[in-house]
Amino acid sequence: MQGGSGFNAVPPPFDKSRVLDVKPLRSLRPIFPNANEAPPFLCPSPSGPFPPGYSPFYPFSMPSPSETPDVNQPEEPPTWTPPAAPAPIRAFRTPEMANGDVDQSGKEAGPSNSKKRTSSRTRGSTSSQKKEKRSKFHLDPAITANYVVPISQAQREDGTRDVVDCVLITFDGLRRRLSQLEDAKEVPSGLARRSDLRAANILMTKGFRTNMRKRIGVVPGVEIGDIFFFRMELCMVGLHSQSMGGIDWIGGKGSLDEEPLAVSIVSSGYYDDDAEDKDVLIYSGQGGAMTRDKPVGDQKLERGNLALERSMRRANEVRVIRGIRDVANPNAKIYVYDGLYVIQESWMEKGKSGANTFKYKLVRVPRQPEAFAVWKSIEKWKENVSSRPGLILPDLTSGAETIAVSLVNDFDDEKGPAYFNYCSTPKYSKTFAIVQSSYGCGCRKGCTAGDLNCSCIRKNSGDLPYTTNGVLVSRKPLVYECGPSCPCGANCKIRVSQSGLKVRLEVFKTKDRGWGLRSYDPIRAGAFICEYAGEVIDKDRLKKKLQEGDNDEYIFDSSRSYEPFKWNYEPGLVGEEATNGASGDSDIPSPVIMTAKDFGNVARFMNHSCNPNVFWQQVIYEENNESFLHIAFFAVRHIPPMTELTYDYGTLSQEGDDSLNLRKKKCLCGTSKCRGYFVL
DNA sequence: GAGACCTCACATTC
DNA sequence: CGAATGTGAGGTCT
């Protein structure tokens, strides 16, 4: 995920200047360097003098840069070693098997034997070693044992952007796969529910997590504006390690000289917090709420409440995560990391039920990039498009898409991109129809997961390629969607990419890369964004076009070389040798080349990045009794609103052709993985 | 070290 | 659709 709050062409995915802004705000550096060596608690006056070993408090004095962990250090990408042998997750044990074989699964899980190693009381550098406990779930050992954990011990303690991305992408890949199995009821009931918890449990048991060392302030690799779709995601990247609790803290384990200090809170609306203001949050303490076996009671100054109280006295920063109702899925919440806050005051008041409730007034530390504030602005723009500053056109598609796409320039005076014809689907000439016997499935009521009588599901190797939420489960050489001759209705789960835009997009002027594309809505990993529409041409015509000096900057070419990246949880499908899940695979009838110079859709505005947040996937479905390939774009990871959408344009597979080499351009993606150039 | 306790989840059902 | 409900997880703490 990329930080995504810049209004003005912040080059995602990694705007270093923005992160630099955050750094000085970090104040109290290791308060508890080590539980065993920590000096007794001291509370210096804000203006000093400060006891040795303590940094002064912000804002009275800035911490010295050398004491601030450098979020922007060159990152060591996690080395990714796929398992030696493919281990499909489909191989779940039945409960009977698992119960009869508990010892074996424990043994096979490897690290689980090491739980004696450290006392659970030790904190600091050894804290993560105790975590390698046994999973509660009885999985086929082949799933867990073969899995090489690509997270080093150091990365487990302290993350980087790449490690955080890796953890989240792996988590959601596994979660989607489990969810797919659950939908298909391929797993014994009861084992499959809550794929989020199960995925997190499997990975965390293997030590597949980061930032386990709890800390006050900045969490390396997590950026303000990052979004999460499950509480477990917050745990896995060390942003907030309580799986349910709203307040997370360190210290205070019963000893008097070690007071608890809050590190983070999640405001999700369970208590009546006041979360309307973008910079101020009135947060309720924990406890006292009515549960099944307990009536409403007064809150006590203990646990999280005590930690918040102590953090207020010390003017410590507290990370704030705001839970927001997901408009696309009203049952669910999206968690937005809104940066650091300080607690300005606290009081006790009578809640609705008459019981005493703690209240904390948290105020956002200034000079941080906007996050929640962006959401508030977008809310207004969506109500009334003309309130969007810099708006040129409310809908540049002139109604061709199901959802309007704004054209905005809040950067300079340019009035819009060069003229082109908007078309929402690719223009194929007859010669490109795929010779393929086309036949529909027979599902009258819509295709249901696990129904192997459905020929469309069978074409997708027996899986429904999308989850119930319409999220793509795995990258594949080809995804088969239902077509017009399928009797399933338009609401069929296998009609995701053909049903048009789902998120509110904006074409905007970037600061140095022409026009770009971004979204007002949050986009979760695997969600469909748009397809690539243009005129389909063949290789020869492309070559000729370029030799004639046509300066076409809107080419899509699936036959280029694409940087491999791991997205599916399943090892083997998209492995180290496979490229973009496409080229070189015999499943692909023919490469797809399109130009969107004269005819195209929003996808023509997506810029290149060497570390993109969007990937393409070939999709096929039949139209007018002939099948055509489509290029559909899906989110690599969760993408916060207003983050520029980018994909990898790929590199040329055959070097030496001058007309092609001329199309190399200097890359401005600014990511740590930048190759230095890209190909138009 | 085992287990009780705490908790602003989530999905499903009504 | 909101409320009710059941099954949860990691961390804290005894």
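Notes on the structure follow. Just so we're clear, the structure is a prediction, and the values are computed from it rather than from any experiment.

What counts, and at which threshold
- Residues numbered from 1 in each chain as written.
- Chains lettered and ligands numbered in written order.
- Predicted model: local features only at pLDDT ≥ 70, side-chain atom pairs only at ≥ 80, totals over all residues.
- Heavy atoms only, no water.
- Pairing = 2+ DSSP bridges.
- Helix = DSSP H or I, 4+ residues; strand = E, 2+ residues; numbered from the N terminus.
- Axes fitted to C-alpha atoms, helices over the stretch in contact; angles between N-to-C directions.
- Salt bridge = Lys/Arg side-chain N within 4 Å of Asp/Glu carboxyl O.
- Buried < 20%, exposed > 50% of the residue type's maximum accessible area, 1.4 Å probe, protein only.
- Expected span 1.5 Å × (residues − 1).
- Near = heavy atom within 4 Å.
- Polar contact = N/O pair within 3.5 Å; in protein donor to acceptor, adjacent residues only side chain to side chain.
- Contact = heavy atoms within 4.5 Å.
- Phe/Tyr/Trp six-rings, centres within 6.5 Å; stacked < 30°, edge-to-face > 60°.
- Lys NZ or Arg CZ within 6 Å of the ring centre and 35° of its normal.

## With respect to the sheet that holds strand S12 (residues 505–509)
- In space, the 4 strands of this open sheet follow the order S8-S9-S12-S13, with mixed pairing throughout. The strands lining the two open edges of the sheet, one partner per strand, are strand S8 (391–393) and strand S13 (515–519). For this sheet, the mean angle separating the axes of adjacent strands, direction not counted, is 35 degrees.
- Two strands pair when backbone bridges link them, and strand S9 (residues 405–408) and S12 are joined in this way by 4 bridges, in the parallel orientation. Within the sheet, the bridge partner assigned to serine 406 lies in S12 and is glutamate 506.

## Side note on the sheet that holds strand S21 (residues 626–635)
- Taken together, the 4 strands give an open sheet; going across it, the order is S11-S20-S21-S14, and neighbouring strands pair in mixed fashion. Both edges of this open sheet fall to strand S11 (479–480) and strand S14 (528–531), since each of them pairs with a single strand only.
- Relative to S21, S14 runs antiparallel, the two sharing 3 bridges. Each bridged residue has a counterpart across the sheet, and for phenylalanine 528 the counterpart in S21 is phenylalanine 634.

## A look at the pattern of salt bridges
- One pass over the structure, following the stated rule, counts 28 salt bridges.
- Among the ionic pairs, lysine 597 bridges to aspartate 550, the shortest N-O distance being 3.0 Å. Highlighted residues: lysine 597 in the loop between strand S17 (593–595) and strand S18 (599–600) and aspartate 550 in the loop between helix H12 (539–547) and strand S16 (555–557), separated in sequence by 47 residues.
- On the accessibility criterion, lysine 597 (28% relative accessible area) is partly exposed.
- Aspartate 550 sits in the partly exposed class, given a relative accessible area of 23%.
- One network of salt bridges, in which partners are shared, links Arg388, Asp410, Glu506 and Arg518.

## Some thoughts on helix H6 (residues 161–183)
- In a regular helix each residue adds 1.5 Å, so 23 residues correspond to 33 Å; H6 covers 32 Å between its end C-alpha atoms and thus fits that length.
- Within H6, 21 of the 23 residues are buried, leaving the element largely enclosed by the surrounding structure.
- Within two residues after H6, lysine 185 carries a phi angle of roughly 55 degrees, on the positive side.

## Topic: the protein's contact with DNA strand B
- What surrounds DNA strand B is a group of 22 residues, the closest being Arg231, Ser268, Tyr271, Asp273 and Tyr335.
- Sugar plus phosphate: this is where 59% of the atoms of DNA strand B within 4 Å of the protein reside.
- One nitrogen or oxygen atom from the side chain of arginine 231 is found 2.3 Å from a phosphate oxygen belonging to DNA strand B.
- The separation between a base oxygen of DNA strand B and a polar side-chain atom of serine 268 is 2.4 Å.
- Elements that contribute at least two residues to the surface near DNA strand B include exactly strand S3 (261–267), strand S4 (280–284) and strand S6 (333–350).

## Things to note about helix H9 (residues 303–313)
- Of all 11 residues making up H9, 8 are buried, and the element is well covered by its neighbours.
- What H9 keeps buried is the set Gly304, Asn305, Ala307, Leu308, Glu309, Arg310, Ser311 and Met312.
- Check the buried side of H9 and you find it contacts strand S2 (247–250), S3, S4, strand S5 (317–325), S6 and strand S7 (356–364).
- After H9 finishes, the residue alanine 315 shows a positive phi value of roughly 55 degrees.

## Quick look at the packing of aromatic side chains
- For the coordinates displayed, the defined rule picks out 20 aromatic pairs.
- Ring centres 5.4 Å apart and planes at 35 degrees place the aromatic pair tyrosine 532 and phenylalanine 556 in the tilted group. A residue pair is termed long-range when its members are at least 10 positions apart, and tyrosine 532 in the loop between S14 and strand S15 (535–537) and phenylalanine 556 in strand S16 qualify at 24 residues.
- One aromatic cluster is present, built from ring pairs that chain together Tyr532, Phe556, Tyr562, Trp616, Phe633, Tyr647, Tyr649 and Phe678.
- Lying over the aromatic face of phenylalanine 615, arginine 475 brings its terminal NZ or CZ to 5.2 Å of the ring centre.
- Just above the ring of tryptophan 515 sits the side chain of lysine 509; from NZ or CZ to the centre is 5.9 Å.

## A few points about the pairing of S6
- Sheet analysis places strand S1 (residues 227–228) next to S6, joined by 2 bridges and oriented antiparallel. Paired with isoleucine 227 across the two strands is valine 336, which belongs to S6.
- For S5 and S6, the ladder comprises 8 bridges, and the chain directions are antiparallel. Bridged to glutamate 317 within S6 is valine 342.
- Across 9 bridges, S6 lies against S7 in antiparallel orientation. Paired with tryptophan 347 across the bridge in S7 is lysine 359.
- Counted between consecutive antiparallel strands, the loop separating S6 from S7 contains 5 residues, among which glycine 354 sits at a positive phi close to 95 degrees.

## Describing the environment of proline 426
- Looking at the element boundaries, proline 426 is found in the loop between strand S10 (421–422) and helix H11 (455–459).
- Among the residues examined, proline 426 registers a relative accessible area of 11% and is labelled buried.
- Here the alpha-carbon distance between proline 426 and phenylalanine 628, two residues 202 residues apart in the chain, equals 9.3 Å.

## Remarks on unusual backbone geometry
- In this model, arginine 303 sits at a positive phi of 50 degrees, which is unusual for a non-glycine residue.
- Assignment of secondary structure puts arginine 303 in helix H9.
- Even without being glycine, alanine 315 reaches a positive phi, approximately 55 degrees.
- Position of alanine 315 relative to the elements: it lies in the loop between H9 and S5.

## With respect to the pairing of strand S20 (residues 614–623)
- With 9 of 10 residues buried, S20 lies mostly within the body of the structure.
- Here 2 bridges tie S11 to S20, and the two strands are oriented parallel to one another. Across the sheet, valine 479 pairs through a bridge with valine 619, a residue of S20.
- Note that S20 and S21 share 10 bridges and pair antiparallel. Note on S21: the bridge partner recorded for tyrosine 621 is phenylalanine 628.
- Remark: 2 residues form the turn of the hairpin made by S20 and S21, two consecutive strands paired antiparallel; asparagine 624 in that turn has positive phi of roughly 50 degrees.

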